[in-house]
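Close look at the chain arrangement
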Amino acid sequence: MATGRLSRTFVRMVSTGTPASSLVSPKTPMPPRAVTRLGGGAGALSSRRESHGFYKDVETRPRVLITGALGQLGPGLAQILRDRFGRDNVIMSDINKASDAVLESGPFLYADIMDMRALREICVNYEIDWLVHFGALLSAVGESNVPLAMQVNIEGVHNALEVARQYKMKLFLPSTIGAFGPDSPRDPTPDLCIQRPRTIYGVSKVHAELMGEYYHHKFGLDFRSLRYPGVISTDLPGGGTTDYALHMFHDALTTKVHHCYLRPDTRLPMMYIDDLLTATANFMQAPDRALRMRTYNIGSVDFTPEELAAEIRKYVPDLEIVYKPDHRQEIADSWPQRFSFVSAEQDWGYRPLYDLSGMCEIMIQSLLPKYKSAGRVKEEVKE
Ligand SMILES: NC(=O)c1ccc[n+]([C@@H]2O[C@H](COP(=O)([O-])OP(=O)(O)OC[C@H]3O[C@@H](n4cnc5c(N)ncnc54)[C@H](O)[C@@H]3O)[C@@H](O)[C@H]2O)c1
Ligand SMILES: C[C@@H](O)[C@H](N)C(=O)O
């Protein structure tokens, strides 16, 4: 609770133009990495880790900065990492304004990944050990604003790489099924194969994979990346090609009509968010010696819009789908249909738990009470 209020102060200070350096003052009680062991007497965040007395905890309780943390994936990953490393050791950041729920959940800062100086200040002042770089423009949004996508997804990655190299941080940044293209084997798509994507999003992600691996080999940077499939969650996504699947759940429970921008037979790899976030945290913690590669495919299921609709109809029998493919069809047609993730299973023990029916069950169970209490469930839904 207290940290939530403080976070609000950080946001206000930054939005009024206060330099990031002035966020750290003796009166700014950002708690240190092991606040519980300090017994609540932690007034100021010292810029010197030794004053916390927990040098040995860097391995087991690293301090993590998440960029672009207000999107579909950031809040969930912050929660998992806070459960593992302590609430105040995981700092969320974004260029958007955080909700009260985010501010109450733990530390939050304004951070634009295009602003290298501010990134440096945050990483030094808050003694960041791991950088999780989520700030990005997704596939459909990227195609509608290519110059911005190039800035955020390419220059932003350069900034993340440089900061991580300079301050010897571990860097995780996600790649995607969109890093493959029509020339890649699509059923299944292995970890290593030709990658010639046709979207700026895909091109920027191949660039990120290659640059990260280059920094690893050249400078010893602990770079790690997972190629995520479309992610299914109750929180709505930020403008990708796989978004239809999430909207289908919401529409099923409210209007019972979903307008689908893909053809009914468009198969894409997907996974449930809990599997993805657990895998991400486990991968970041995996011992370096276990990793034969720096970039791995992960996934769990693959389905088409008509297969997803059939599964959701077990709960909402009269769900209607109206198919009207648009520009996103071409993107989907160039992406993998099935994803091979055997290397992740073999090397660091990746194990997804949710299949299509498990995913649908938990989505309906999670969304139904929210829509019911908002009075938006259209008629009876089989629970
Ligand atoms: N969600 C998926 O299905 C999926 C699948 C594959 C890969 N990924 C990758 O995972 C990461 C997170 O995805 P997401 O779904 O949460 O994305 P999202 O679009 O929901 O959120 C991205 C966040 O980045 C922020 N952002 C944009 N420009 C920024 C800037 N200049 N500085 C700082 N932040 C900025 C946005 O405000 C937003 O909160 C991305 O790198 C994405 O490519 C996501
Ligand atoms: C697949 C992934 O990268 C994202 N959900 C998109 O569709 O753009």
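Each remark here, short or long, concerns the structure printed above.
Summarised in this report is the structure supplied together with it.

Conventions and cut-offs
Within any chain, residue numbers begin from 1 and follow the written order of that chain's sequence. Chains carry letters and ligands carry numbers; both start at the beginning, A for chains and 1 for ligands, and go up in the order they are written. Confidence filtering applies because this is a predicted model: local features only for residues at pLDDT of at least 70, side-chain atom pairs given and counted only at 80 or more, and all residues used for totals across whole chains, interfaces and linings. As a convention, hydrogens and water are excluded, and side-chain values are obtained from all of the structure's heavy atoms. Think of it this way: any DSSP run of H or I at least four residues long counts as a helix, any run of E at least two long counts as a strand, and we number them from the N terminus. Any two residues whose heavy atoms approach within 4.5 Å are treated as being in contact. As used here, the term nonpolar core means buried Ala, Val, Leu, Ile, Met, Phe, Trp, Tyr and Cys residues forming a set that is joined through side-chain atoms within 4.5 Å. Summary of the burial criterion: residues with accessible area below 20% of their type's maximum are buried, those above 50% are exposed, and those between are partly exposed, where the area comes from a 1.4 Å probe applied to protein chains only. Here, strands pair whenever DSSP counts at least two bridges between them. To define axes, lines are fitted to C-alpha atoms, for helices over the stretch in contact only, and angles between the resulting N-to-C directions are given on a 0 to 180 degree scale. The term salt bridge refers to a side-chain nitrogen of Lys or Arg lying within 4 Å of a carboxyl oxygen of Asp or Glu. An angle counts as roughly parallel when it lies under 35 degrees, as roughly antiparallel when it exceeds 145, as roughly perpendicular when it falls between 65 and 115, and as oblique in every other case. Here is the rule for handedness: rotate from the far helix to the near one, and if that takes an anticlockwise turn smaller than a right angle the crossing is left-handed, while a clockwise turn gives right-handed. Throughout, the term near means that a residue has one or more heavy atoms lying within 4 Å of the molecule or strand in question. A 3.5 Å cut-off defines polar contacts: any pair of N or O atoms within that distance qualifies, except that in protein one atom must be a possible hydrogen donor and the other a possible acceptor, and neighbouring residues in sequence count only when both atoms are side-chain atoms. We get accessible surface area from the Shrake-Rupley algorithm with a probe of 1.4 Å; when it comes to residues, only the shown protein chains can shield them.

Side note on the environment of tryptophan 348
Note on placement: tryptophan 348 falls in helix H12 (residues 342-348). For the pair formed by tryptophan 348 and isoleucine 91, sequence separation is 257 residues and the distance between their alpha carbons is 26 Å. Among all residues touching tryptophan 348, those that are not within four sequence positions of it are Leu226, Ala279, Phe283, Ala286, Leu291, Tyr296 and Ile298.

Observations concerning the nonpolar core
Ranked by internal contacts, the top residues of the largest apolar core, which has 78 residues, are Ile66, Ile232, Tyr244, Ile298, Phe303, Leu308 and Trp348. Residues Ala111, Ile122, Ala208 and Phe223 belong to the second largest nonpolar core, which totals 23 residues.

Observations concerning the sheet that holds strand E8 (residues 230-232)
Pairing within the open sheet is mixed, and its three strands lie in the order E8-E10-E12. Taken across any chain shown, the strands that pair with only one partner, and hence form the sheet edges, are E8 and strand E12 (301-303). Neighbouring strand axes in the sheet, compared pairwise and without regard to direction, differ in orientation by 45 degrees on average. For E8 and strand E10 (residues 268-272), the ladder comprises three bridges, and the chain directions are parallel. From the neighbouring strand, valine 231 faces E10, where its bridge partner is methionine 271. Contacting E8 and E10, helix H9 (residues 273-285) crosses the sheet at an angle of about 80 degrees to E10.

Points about the pattern of salt bridges
Using the criterion set out here, one finds 18 salt bridges in the structure. Aspartate 302 is the partner of arginine 267 in a salt bridge, and the nearest nitrogen-oxygen pair spans 2.9 Å. Linking arginine 267 in the loop between strand E9 (257-260) and E10 with aspartate 302 in strand E12, this pair joins segments that are 35 residues apart in sequence. The buried category is assigned to arginine 267, whose relative accessible area is 16%. A salt bridge links arginine 267 to glutamate 307, with the shortest nitrogen-to-oxygen separation between them at 2.7 Å. With a gap of 40 residues between them, arginine 267 in the loop between E9 and E10 and glutamate 307 in helix H10 (residues 305-312) connect regions that are remote in the sequence. By sharing partners, the salt bridges in this structure join Asp187, Arg267, Asp302, Glu307 and Arg338 into a single network.

Thoughts on the packing of H10 against helix H13 (residues 356-373)
With their axes 10 Å apart at the nearest point, H10 and H13 run at an angle of 55 degrees to one another. On the basis of the axis angle, H10 is oblique to H13. Between H10 and H13 lies a crossing of right-handed hand. Seen from H10, the contacting residues are Glu307, Leu308, Glu311 and Ile312; seen from H13, they are Leu356, Ser357, Cys360 and Ile364.

Re the site of ligand 2
As a structural note, the neighbourhood of ligand 2 is formed by Leu138, Ser139, Thr176, Ile177, Tyr201, Gly240, Thr241, Thr242 and Trp335. Threonine 241 has a polar backbone atom sitting 2.6 Å from an oxygen atom of ligand 2. One nitrogen or oxygen atom from the side chain of threonine 242 is found 2.8 Å from a nitrogen atom belonging to ligand 2. Relative to its unbound accessible area of 250 Å², ligand 2 is 94% covered by the protein chains.

Concerning helix H4 (residues 116-125)
Burial of H4 is extensive: seven of the 10 residues sit out of reach of the surface. Turning to H4, its buried residues are Met116, Ala118, Leu119, Glu121, Ile122, Cys123 and Asn125. Next to the buried residues of H4 lie strand E1 (64-67), strand E3 (108-110) and helix H6 (146-166). Immediately downstream of H4, the backbone of glutamate 127 shows phi near 50 degrees, a positive value.

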